[in-house]
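Coordinates in review
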Number of protein chains: 2
Amino acid sequence: MNLLLLSNSSSDAGYLAHALPDIRELIAGLPAGAPAVFVPYAGVTRNWDDYATQVTTALADTGLDIQPLHRAADPVAALEQAAVIIVGGGNTFNLLGQLRRQGLLSVVARRVREGAAYLGWSAGSNLACPSIRTTNDMPITDPEGLDALGLLSFQINPHYTNAHPPGHRGETRAQRLAEFCVLNPAMPVLGLPEGAALRVRDAAITLVGPHDAPLFIGAAEPRLFRPGPVEIPA
Amino acid sequence: MNLLLLSNSSSDAGYLAHALPDIRELIAGLPAGAPAVFVPYAGVTRNWDDYATQVTTALADTGLDIQPLHRAADPVAALEQAAVIIVGGGNTFNLLGQLRRQGLLSVVARRVREGAAYLGWSAGSNLACPSIRTTNDMPITDPEGLDALGLLSFQINPHYTNAHPPGHRGETRAQRLAEFCVLNPAMPVLGLPEGAALRVRDAAITLVGPHDAPLFIGAAEPRLFRPGPVEIPA
């Protein structure tokens, strides 16, 4: 498999700009004009056409021929032909529910296992996990089950931070993840900070970007990975 | 119905201390030693016995005879006899899933409609809503449906704030609620800040505490309620 999973889409450099070198590496070897599909279904407050335009513009220099999935006359055929599947951020529950109701979840998973490159950020990175149980998003719609693509054997928590607005008495992120680890003690969770990404090439996993990332498993003290190769216990 | 729904349990004054005057008002008229049930199922990282002890200690001066639901030999009988049902905070998905799997959701709802007082905070306040779609919690377990007690005709967002850790590129609370309002345009959402509570006596709803609370409906500008009587559009 060939995945690039970003924590977030935007930085001071602009939309997806911080990730362009890694995106080029993800698709290296593909011919110019290689077919790509963009999945906009995590978008809720934004129009899917506008979302697709924003992404297509940001990735114009990659030479990919990007088709928005919601505009495809035959979405399954579009995914079958895609050399790259791009899944944008927004609300993870909406993303998962749309793909499940359209019957596209298993198609995406199969295509990536067959070799299509997968680029995701935020909700799109959570979708690659066994489930969306470590999303930060609000459950604004029922996705009819929390299981997701299962491309990874572990969970990602995107936008990882333990910073907390002053005076807030709700749970910290570390507390929320500790709750997950109590109910799912064997499932590792990688906290992916803003600006970080995970590069997956078959069994080789690399933490990309300038930041360290903590790995939570059960009640153990989190292990902090430096950028570079990462070994996630099975 | 007779409800007191708190945003949060703790303040600088101590555990539940800020809410004691309102809790006394909620249960005014009940005899000393009136039977109460405490529902600890939102607790995940804390032992339910410890959680029940903390709550029982904090409410000792109220004179209620508080039984933890997880210790009841016959949970349905305990709820049938309860004059007060107390639902603590923690993880809303775990709370809802436990009650649903034990078949207790409809029992709690019926008892409150029959006149039992309901005291909830955080997850316990979300549980009183039509659904848990406006919780801030992580979906660490599948509650097998998001619908909840439906004691209110509108949603609460507990721990409401729009403060944001610096540098965070994820969604703000207002953005998350805007997403909810796009998918559920007819459902009002009251943002309940830390330290605030909602007092419900049949059709009369009062915002309690020192803070204003915004009401979100669809794409309309949020309306800000001052403490005092609150009218939520049907």
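Residues numbered from 1 in each chain as written. Chains lettered and ligands numbered in written order. Predicted model: local features only at pLDDT ≥ 70, side-chain atom pairs only at ≥ 80, totals over all residues. Heavy atoms only, no water.

As annotated in an unreviewed UniProt entry, chain A is Peptidase E from Achromobacter pulmonis.

**Things to note about the environment of threonine 62 of chain B**
Residues and elements named next belong to chain B. In plain terms, the rule: Only DSSP runs of H or I reaching four residues or more are called helices, and only runs of E reaching two or more are called strands; each is numbered from the N terminus. The contact rule is simple, with two residues in contact once any of their heavy atoms fall within 4.5 Å. Any N or O atom pair separated by 3.5 Å or less is treated as a polar contact, with the protein-specific requirement of one donor-capable and one acceptor-capable atom, and with residues adjacent in sequence counted only for side-chain atom pairs.
Its location among the elements puts threonine 62 in the loop between helix 2 (48–58) and strand 5 (65–68). The residues contacting threonine 62, other than those within four sequence positions of it, are Leu20, Ile23, Arg24 and Ile27. Separated by 3.3 Å, the side chain of threonine 62 and the backbone nitrogen of leucine 64 make a polar contact.

**Description of the pairing of strand 4 (residues 35–39) of chain B**
All names here are of chain B. To be explicit about the condition: Buried, partly exposed and exposed residues are distinguished by accessible area as a fraction of the type maximum, computed with a 1.4 Å probe on protein chains only: under 20%, between the cut-offs, and over 50%, respectively. For two strands to be treated as a pair, DSSP must find no fewer than two bridges joining them. Orient the strands so they point away from the viewer, and a crossover whose first-strand-to-second-strand path over the helix runs clockwise is right-handed.
For strand 4, the buried fraction is high: 4 of the 5 residues fall into the buried class. Where strand 4 lies against strand 5, 4 bridges are found, and the strand directions are parallel. Within the sheet, the bridge partner assigned to alanine 36 lies in strand 5 and is isoleucine 66. Handedness of the crossover joining strand 4 and strand 5 through helix 2: right-handed.

**As for the packing of aromatic side chains**
Residues and elements named next belong to chain B. What counts, and what does not: For Phe, Tyr and Trp, where Trp contributes only its six-membered ring, two rings pair if their centres lie within 6.5 Å, and the inter-plane angle classes them as stacked under 30 degrees, edge-to-face over 60, or tilted in between.
Tallying each qualifying case throughout the model produces 10 aromatic pairs over all chains. Plain terms: the ring middles of tyrosine 15 and tryptophan 121 are 6.3 Å apart, the flat faces sit at 90° to each other, and that makes the pair edge-to-face. Placement of tyrosine 15 in strand 3 (residues 14–15) and of tryptophan 121 in strand 7 (residues 117–121) is noted, with a sequence separation of 106 residues between them. On the basis of relative accessibility, which here comes to 19%, the residue tyrosine 15 falls in the buried class. Look at tyrosine 160 and phenylalanine 216: their rings are 5.8 Å apart centre to centre, the planes differ by 50°, and that puts the pair in the tilted class.

**So, the sheet that holds strand 14 (residues 228–230) of chain A**
Residue and element names in this part refer to chain A. For clarity, the cut-off: To get an axis, a line is fitted to the C-alpha atoms, and for a helix only the part in contact is used. The angle between two axes follows their N-to-C directions and goes from 0 to 180 degrees.
The 8 strands lie next to each other as 5-4-6-7-1-10-11-14, forming an open sheet whose pairing is mixed. Two strands in the sheet have a free side with no partner beyond their single neighbour: strand 5 (65–68) and strand 14. Geometrically, the sheet is characterised by an average inter-axis angle of 20° between neighbouring strands, direction not taken into account. Strand direction decides the pairing type here: strand 10 (residues 197–201) and strand 11 (residues 204–208), joined by 5 bridges, are antiparallel. Looking at the pairing, arginine 199 lines up with threonine 206 of strand 11. Helix 5 (residues 105–114) contacts strand 1 (2–6), strand 6 (84–87) and strand 7 (117–121) of the sheet and is inclined by roughly 130° relative to strand 6.

**Here's the deal with unusual backbone geometry**
At leucine 16 of chain A, a position not held by glycine, the phi torsion is positive, near 65°. The topology assignment puts leucine 16 of chain A in the loop between strand 3 (14–15) and helix 1 (20–26).

**Considerations on the pattern of salt bridges**
Residue and element names in this part refer to chain A. So the rule is basically this: Each reported salt bridge corresponds to a side-chain nitrogen of Lys or Arg within 4 Å of a carboxyl oxygen of Asp or Glu.
Enumeration according to the criterion identifies 18 salt bridges over all chains in this entry. Between arginine 71 and aspartate 49 there is a salt bridge whose closest N-O contact spans 2.5 Å. In this pair, arginine 71 sits in the loop between strand 5 and helix 3 (75–81) while aspartate 49 sits in helix 2 (residues 48–58), placing the two residues 22 residues apart along the sequence. Overall, the relative accessible area of 29% leaves aspartate 49 in the partly exposed class. The shortest N-O distance in the salt bridge between glutamate 114 and arginine 111 comes to 2.8 Å. With glutamate 114 and arginine 111 both in helix 5, this residue pair falls 3 residues apart, about one helical turn.

**What to know about the interface of chain A and chain B**
Applicable threshold: Simply put, the buried area is the total loss of 1.4 Å probe accessible area from both parts when two parts are fitted together. Residues were grouped as follows: Ala, Val, Leu, Ile, Met, Phe, Trp, Tyr, Cys and Pro as nonpolar; Asp, Glu, Lys and Arg as charged; and all remaining residues, including Gly, as polar.
Each partner contributes to the interface: chain A provides 44 residues, whereas chain B provides 44 residues. When chain A packs against chain B, close to 3500 Å² is buried across both sides, 60% of that on carbon and sulfur atoms. A salt bridge links arginine 176 of chain A to aspartate 137 of chain B; the nearest nitrogen and oxygen atoms lie 3.2 Å apart. At the surface where chain A touches chain B, the tally comes to 8 residue pairs in polar contact (both at pLDDT 80 or more). The residue inventory of the side of chain A that touches chain B, partitioned by class, reads 14 nonpolar, 20 polar and 10 charged.

**Points about the sheet that holds strand 13 (residues 223–225) of chain B**
Residue and element names in this part refer to chain B. Taking strand neighbours across the sheet as the criterion, the 4 strands line up as 8-9-12-13 in an open arrangement whose pairing is mixed. Edge positions in the open sheet fall to strand 8 (155–160) and strand 13, since each of these has one partner strand only. When the angles between neighbouring strand axes are averaged without regard to direction, this sheet yields 25°. Where strand 8 meets strand 9 (residues 189–193), 4 bridges bridge the pair, whose relative direction is parallel.

**Some points on the environment of glutamate 144 of chain A**
All names here are of chain A. Tracing the chain through its elements places glutamate 144 in the loop between helix 6 (123–127) and strand 8 (155–160). Linking glutamate 144 and glycine 97, residues 47 residues apart in sequence, is a C-alpha distance of 6.7 Å. Those residues in contact with glutamate 144 that lie beyond four places of it in its chain are Arg100 and Arg101.

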